[in-house]
Amino acid sequence: MNNDNYSDEISLRILEQIQSDPAITQRDLSSKLGIALGLTNAYIKRLVKKGYIKIRNLNGRRIMYILTPKGIVEKTKLTCNYMAKSFSYFKEIKQKIDKTYAQVLEAGDERIILWGSDELAELCYIASKGLPVSIVGVISLNGKERFYDCEVYGKDMINNIDFDAILAATFEPKELAELENIKAKVYYLWQN
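Residues numbered from 1 in each chain as written. Predicted model: local features only at pLDDT ≥ 70, side-chain atom pairs only at ≥ 80, totals over all residues. Heavy atoms only, no water.

A. Spotlight on the nonpolar core. Counting 21 residues, the largest nonpolar core has Ile97, Tyr101, Leu114, Cys124, Ile135 and Leu167 as its most contacted members. Those elements that place two or more of their residues in this core are helix 4 (69-107), strand 3 (111-115), helix 5 (119-128), strand 4 (134-139) and strand 6 (165-168). Broken down by element, the residue count for this core peaks at five residues, all from helix 5. The residues touching Tyr101, leaving out its near neighbours within four places in the chain, are Leu114, Cys124, Tyr125, Ala127, Ser128, Leu131, Val133, Ile135 and Leu167. (Core = buried A, V, L, I, M, F, W, Y, C linked by side-chain atoms within 4.5 Å. Buried < 20%, exposed > 50% of the residue type's maximum accessible area, 1.4 Å probe, protein only. Helix = DSSP H or I, 4+ residues; strand = E, 2+ residues; numbered from the N terminus. Contact = heavy atoms within 4.5 Å.)

B. Layout of the sheet that holds strand 3. With respect to topology, five strands assemble into an open sheet ordered 5-4-3-6-7, the strand pairing being parallel. On the outer flanks of this sheet lie strand 5 (152-153) and strand 7 (186-188), each paired with one strand and no other. Pairing geometry for strand 3 and strand 4, over five bridges, is parallel. Across the sheet, the residue bridging to Ile113 is Gly137, located in strand 4. Across the sheet, helix 4 lies against strand 3, strand 4, strand 6 and strand 7, angled at about 150° from strand 7, the strand it touches most. Across the sheet, helix 5 touches strand 3, strand 4 and strand 6, and the angle it forms with strand 3 is around 160°. (Pairing = 2+ DSSP bridges. Axes fitted to C-alpha atoms, helices over the stretch in contact; angles between N-to-C directions.)

C. Focus on the pattern of salt bridges. Considering all chains together, one arrives at six salt bridges under this definition. With its nearest N and O atoms 3.3 Å apart, the salt bridge here joins Glu74 to Lys77. Pair noted here: Glu74 and Lys77 are both in helix 4, with a separation of three residues, about one helical turn. Judged by its relative accessible area of 13%, Glu74 falls in the buried class. A salt bridge links Asp162 to Arg111; its shortest N-O distance comes to 3.3 Å. Pair noted here: Asp162 is in the loop between strand 5 and strand 6 and Arg111 is in strand 3, with a separation of 51 residues, a long-range link. Accessibility expressed as a relative area gives 29% for Arg111, which makes it partly exposed. Here the salt bridges share partners, and the residues they tie into one network are Arg111, Asp162 and Asp164. (Salt bridge = Lys/Arg side-chain N within 4 Å of Asp/Glu carboxyl O.)

D. Summary view of the packing of helix 4 against helix 5. Across the interface, helix 4 lies against helix 5 with an axial gap of 10 Å and an inter-helix angle of 55°. It follows that helix 4 is oblique to helix 5 by the angle criterion. Where helix 4 crosses over helix 5, the two elements pack in a sense that is right-handed. On helix 5, the residues touching Phe90, Ile93, Ile97, Asp98 and Tyr101 of helix 4 are Leu120, Leu123, Cys124, Tyr125, Ala127 and Ser128. Looking at the contact of helix 4 with helix 5, its residues break down into nine nonpolar, one polar and one charged. (Parallel < 35°, antiparallel > 145°, perpendicular 65-115°, else oblique. Left-handed = near helix turned anticlockwise from the far one by under 90°. Nonpolar A, V, L, I, M, F, W, Y, C, P; charged D, E, K, R; others polar.)

E. Spotlight on the packing of helix 2 (residues 26-33) against helix 3 (residues 37-49). One can describe the packing of helix 2 onto helix 3 by two numbers: an axis separation of 9 Å at closest approach and a directional angle of 105°. Taken as axis vectors, helix 2 and helix 3 run roughly perpendicular relative to one another. Facing helix 2, whose interface residues are Gln26, Arg27, Leu29 and Ser30, helix 3 presents Leu37, Thr40, Asn41 and Ile44. Class assignment of the residues belonging to the contact of helix 2 with helix 3 gives a composition of three nonpolar, four polar and one charged.

Here's what the structure looks like:
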């Protein structure tokens, strides 16, 4: 993500938080956004300077943020941009998944284990529907116990599963590093 995208995402999240809770403190805003308090303050000042929010003093210690009409327009624009980027990202990931499944089918691998159980694994699972492959299990790396209609296993149970190959359904470096110790055929999405 480039700096403009990151900056736009923070601005959007601040505008959303202010709209839902005009009396939110900068400390609470900082905590919800996962950014430093000083950075939150800098973003607030920038949004005020651009005319997207106004600050009203309630008493000596409390303030209230007001989203201006210009701020509502900016929030709408940022939301649309965020959604467009999300759809573009989803489309790119879907293409990578489809190319990977084409390799799986070309190799004749039918019984697949998904390595990971988060959103990316869900997309891989959904994309497998209608293909002549079977997801025979999911290796949960985050303690997840349920995954659609699939059996969920810990990584230590992999030798008890009858499978042809593993589909690395995660981008987390730590989770991918654990695959290095597994003696099996592995398909990676980013090799496409």
